[in-house]
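In case you want the letters, here they are:
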Amino acid sequence: MPASLRRTLKISIGIVTVPVLIVGSLILYDGLQHYIDDDLPADTGGAFATTLLGLTIVSFPLTTFFGYKTSKSLQRQRSQYDQPDVPLKFVSLIIVTSMLVFVTFLCLTLYIVTITS
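Keep in mind it's a predicted model, so treat the numbers as computed, not measured.

Draft legend 1. Looking closely at the overall build of the chain. Secondary structure summary: the chain contains three helices and zero strands in total. Tracing the chain from N to C terminus, the helices and strands come up as α-α-α. The 117 residues of the chain split such that 19% are buried. Once local pairs closer than 6 in sequence are excluded, the contacts in the chain between residues at least 24 apart make up 61%. Accessible area of the chain: about 8,500 Å², with a carbon and sulfur share of 71%.

Put into structure tokens, the structure is as follows:
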């Protein structure tokens, strides 16, 4: 892939990812604020659903990022200094990516179940 296309792709992914993380963080903060503040009404179902939605939105870009890092580590098997990659790094990336995928789908499933019931 040409360098200019790769740079354009990185910039466009950054333009999309940063607002998604900001919106997800704000939704997550709004959901958690119902549990932190005593002044807000006790609408626990809505707060729980909002918290799950925020976690789902935040975990999508993180899962994608760690999945990309894992696949690049698998393809290249070299560090940025042209040294062989440590096997523990690859295994830890797989574990983190798997956990994020699990959390993403768990939160999404619980969110769908919460709003439909």
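Draft legend 2. Structural detail: a positive patch on the surface. Taken together, the side chains of Arg6, Lys10, Lys69, Lys72 and Arg76 define a basic patch exposed on the protein surface. Put simply, the parts of the chain that give the positive patch at least two residues each are α1 (3-36) and α2 (44-76). It is α2 that provides the largest number of residues to the positive patch, a total of three residues. With respect to the helices, strands and loops of the structure, Lys72 is situated in helix α2.

Draft legend 3. Structural detail: the confidence of the model for the chain. In this model, the chain carries an average pLDDT of 83, and 89% of its residues clear a pLDDT of 70 or more. Looking across the chain, the model is least confident in α2, with a mean pLDDT of 85, and most confident in helix α3 (residues 87-116), with 88.

Draft legend 4. How the structure looks around α1. Relative to the 50 Å expected for 34 residues at 1.5 Å per residue, α1 spans 47 Å between its end C-alpha atoms, a close match to the ideal helical length. Those residues of α1 lying buried are Gly24, Leu28 and Gly31.

Draft legend 5. Quick peek at the packing of aromatic side chains. Under the defined criterion, the tally for this structure stands at one aromatic pair. Considering the side-chain rings of Phe65 and Phe66, the 5.3 Å spacing of their centres and the 70° angle between planes classify their relative orientation as edge-to-face. Using a relative accessible area of 23% as the deciding quantity, one classes Phe66 as partly exposed.

Draft legend 6. Region of the structure containing the side chain of Thr104. Structurally, Thr104 is set in helix α3. In this view, Thr104 contacts Thr56, Ser59, Phe60 and Thr63; residues no more than four positions away in its chain are not counted.

Draft legend 7. Representation of α3 in the model. Its 30 residues give α3 an end-to-end C-alpha distance of 44 Å, which sits within 8% of 44 Å, the value for a rise of 1.5 Å per residue. Along α3, the residues classified as buried are Leu93, Thr97, Leu100, Thr104, Cys107 and Tyr111.

Draft legend 8. Local environment of a nonpolar patch on the surface. Taken together, Leu32, Tyr35, Ile36, Phe48, Phe102, Val103, Leu106 and Leu110 make up a surface patch of nonpolar side chains, about 730 Å² in accessible area. Counting residues per element, the ones that place at least two in the nonpolar patch are α1 and α3. Of all the elements, α3 adds the most residues to the nonpolar patch, at four residues. Inspection of the secondary structure assignment puts Phe102 in helix α3. Accessibility expressed as a relative area gives 56% for Phe102, which makes it exposed.

Rules behind the numbers
- Residues numbered from 1 in each chain as written.
- Predicted model: local features only at pLDDT ≥ 70, side-chain atom pairs only at ≥ 80, totals over all residues.
- Heavy atoms only, no water.
- Helix = DSSP H or I, 4+ residues; strand = E, 2+ residues; numbered from the N terminus.
- Buried < 20%, exposed > 50% of the residue type's maximum accessible area, 1.4 Å probe, protein only.
- Contact = heavy atoms within 4.5 Å.
- Areas by Shrake-Rupley, 256 points an atom, 1.4 Å probe, with all protein chains shown as cover.
- Patch = residues over 30% accessible without salt bridge, like charges linked within 9 Å, V, L, I, M, F, W, Y side chains within 5 Å.
- Salt bridge = Lys/Arg side-chain N within 4 Å of Asp/Glu carboxyl O.
- Lys, Arg positive; Asp, Glu negative; His and termini not counted.
- Charge placed at Lys NZ, Arg CZ, Asp CG, Glu CD.
- pLDDT = per-residue confidence, 0-100.
- Expected span 1.5 Å × (residues − 1).
- Phe/Tyr/Trp six-rings, centres within 6.5 Å; stacked < 30°, edge-to-face > 60°.

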